[in-house]
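Here is what each chain is made of, one letter per residue.
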Amino acid sequence: MSSFDDEMRYVSRTLQPFGTTIFAQMSAAAAEAKAVNLSQGFPDFDGPQGLRDAAAEAIRRGPNQYAPSIGVPSLRLAIADKMKRFYGVDVDADKEVTVCAGASESLAAAFLGLLNPGDEVILFEPCYDLYPPIISRAGAKAVYVPLQRPGFALDTELLARAVGPRTRAIVVNNPLNPCGKVFSEEELDAIAAVCVRHDIVAVGDEVYEHIVFDGRVHKSLLQVDGLADRCIVVSSTAKTFSMTGWKVGYAVARPPLTKAVRMSHQFLTYCTPGAFQEAMAEAMGSPRSYYDDLAAMYVAKRNFLCKALEELGLEVLWPQGTYYLTVDIGALGFEDDLDFCMQLTQRGGVAAIPESFFWKGRRAGRDLVRFCFCKTDETLDAAVARLESFDWAPKR
Ligand code: PMP
Ligand code: GLN
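These figures come from a predicted structure and were not determined experimentally.

(A) Spatial organisation of the nonpolar core. Counting 132 residues, the largest nonpolar core has Phe124, Ile170, Ile232 and Phe371 as its most contacted members. Considering every element that reaches this core, the biggest residue donor is helix α12 (residues 288-311), with 8 residues. Apart from residues no more than four positions distant in its own chain, Ile170 is found in contact with Ile122, Phe124, Leu159, Ile191, Val194, Cys195, Ile200, Val201, Ala202 and Val203.

This is the structure in structure tokens:
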């Protein structure tokens, strides 16, 4: 038996092809090489102190028993209020909001609640690595529509061709991890038109909704004409409040779609820890200035790292949103993006993410590498110092 067969002997056939996520792999490689870790996307600073105090206080005060399955009322109200404040959409906190363990479980609950075996789900490549395995585990099939370089534009012809009689959903990750694209109004309208014409559900992954740059304003799928009654919008407090470890996320959708989310959520985790939810309810009510400051902080970090990489002669694809930037390493002569990332981690002491892992079977993106900039200025300085002394000639 090969070591792969041995390791995978109890793993379901559906999950076997997906292996260990590239995020865990690169963070492990970074730790082993004592590299500055700009790979897996998590801040190396924590969210506001008041938020931490609120959670600690809620734990001390108790109760610490199961929270309501759909989420504590204060957080659901805060989510509905935020949807109104930022997007002008009316959301019923009782019937249309479900709190889950991060955006991850929200997405899993949406897919498992919505999909029947044989259904098809359209994914735009590059796509976040969680969607394909869960869609597959639901017995459905992912159908890929590659976004077109430069700019990762949506080709509406390709989208039209991908739609078939079994298409149940289209996933729209906006802003897009890994390449930082923000979908244009025209693109969102084109997606909506397809959804309406073919009775398809749009699943929005909007976890980076508050990290958009250069005067852009995030548009939620709930605001797009034709989608309000046929979308599930997923988001997370992880990025907005710099608490990725708390895993407080949520799904917002009209009652019939919320029913699909809740049906699976009740059997997945049942609920998310109440103390973290209560604290997040307070945080979410933060004034607009909190959200503006977050975007301003990330635009400064983006500018710093993009410029520093450009000064090193690298070709940088500046992101429109998210806390990731992309470098085109095609001209540097490495075998591919994975080879580059392993050499940079081991020889250069800086870890990044090979972007080909966001395409099915790594069939594209082998010339692209993602660096995250959700790090303190000291960490970013240290990374740049190491990059400045890196020997860019590939080693065989
Ligand atoms: N979707 C995207 C696009 C992400 O980047 C992430 C994680 N960073 C998630 C979902 C998962 O979010 P959470 O940590 O809230 O589960
Ligand atoms: N979303 C994070 C990223 O893109 C990874 C989160 C995880 O490891 N599950 O880097």
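(B) Region of the structure containing the pattern of salt bridges. For the coordinates displayed, the defined rule picks out 26 salt bridges. Two residues, Arg60 and Glu57, come together in a salt bridge whose shortest N-O distance is 4.0 Å. Taken together, the residues Arg60 and Glu57, both in helix α3 (residues 49-61) and 3 residues apart, mark about one turn of the helix. When its relative accessible area of 38% is taken as the criterion, Glu57 is described as partly exposed. Between Glu187 and Lys181 there is a salt bridge, with its nearest N and O atoms 2.9 Å apart.

(C) Quick look at the site of ligand 2. For ligand 2, the full set of nearby residues is Phe23, Gln40, Gly41, Tyr128, Asn177, Lys239, Tyr324 and Arg370. Take Tyr128: an N or O atom from its side chain is 3.0 Å from a nitrogen atom of ligand 2. In the model, an oxygen atom of ligand 2 is placed 2.7 Å from a nitrogen or oxygen of the Arg370 side chain. In the complex, the protein chains occlude 77% of the 300 Å² of accessible area that ligand 2 would expose alone. Residue composition of the shell around ligand 2, by class: 3 nonpolar, 3 polar and 2 charged.

(D) Expanded view of the state of the cysteines. Scanning the entire structure with this criterion turns up 0 disulfides. Between Cys127, a cysteine without a disulfide, and Cys179, which holds the nearest cysteine sulfur, the sulfur-to-sulfur distance is 11 Å. Among the residues examined, Cys127 registers a relative accessible area of 5% and is labelled buried. Cys271 takes part in no disulfide bond, and the closest cysteine sulfur, belonging to Cys100, lies 11 Å away.

(E) Representation of the pairing of strand β2 (residues 97-101). Most of β2 is tucked away, with 4 of its 5 residues classed as buried. The sheet contact formed by β2 and strand β8 (residues 248-253) spans 5 bridges and is antiparallel. Bridging from a neighbouring strand, Ala101 pairs with Val248 of β8.

(F) Up close: the packing of aromatic side chains. Counted under the stated rule, the structure contains 21 aromatic pairs. Centre to centre, the rings of Phe23 and Phe358 are 6.0 Å apart; their planes meet at 75°, and the pair counts as edge-to-face. Here Phe23 is found in helix α2 (residues 22-33), whereas its partner Phe358 is found in the loop between β12 (353-354) and β13 (368-372), with 335 residues between them in sequence. Judged by relative accessible area, Phe358 falls into the buried class, the value being 1%. For the ring pair Phe213 and Phe373, a centre distance of 6.3 Å and an interplane angle of 40° mean the geometry is tilted. Remark: Phe373 occurs in the loop between β13 and α14 (377-388) and Phe213 occurs in the loop between β6 (201-205) and β7 (231-236); sequence separation between them is 160 residues. Like Phe373, Phe213 is buried. Members of the aromatic cluster, each reached through a chain of ring pairs, are Tyr208, Phe213, Tyr298, Tyr323, Tyr324 and Phe373. When the ring centre of Phe183 is taken as reference, the NZ or CZ atom of Lys181 above it lies at 4.8 Å. Lying across the ring of Tyr324, Arg370 places its NZ or CZ 3.6 Å from the centre.

Basis of the calculations
Residues numbered from 1 in each chain as written. Chains lettered and ligands numbered in written order. Predicted model: local features only at pLDDT ≥ 70, side-chain atom pairs only at ≥ 80, totals over all residues. Heavy atoms only, no water. Core = buried A, V, L, I, M, F, W, Y, C linked by side-chain atoms within 4.5 Å. Buried < 20%, exposed > 50% of the residue type's maximum accessible area, 1.4 Å probe, protein only. Helix = DSSP H or I, 4+ residues; strand = E, 2+ residues; numbered from the N terminus. Contact = heavy atoms within 4.5 Å. Salt bridge = Lys/Arg side-chain N within 4 Å of Asp/Glu carboxyl O. Near = heavy atom within 4 Å. Polar contact = N/O pair within 3.5 Å; in protein donor to acceptor, adjacent residues only side chain to side chain. Areas by Shrake-Rupley, 256 points an atom, 1.4 Å probe, with all protein chains shown as cover. Nonpolar A, V, L, I, M, F, W, Y, C, P; charged D, E, K, R; others polar. Disulfide = S-S within 2.5 Å. Pairing = 2+ DSSP bridges. Phe/Tyr/Trp six-rings, centres within 6.5 Å; stacked < 30°, edge-to-face > 60°. Lys NZ or Arg CZ within 6 Å of the ring centre and 35° of its normal.

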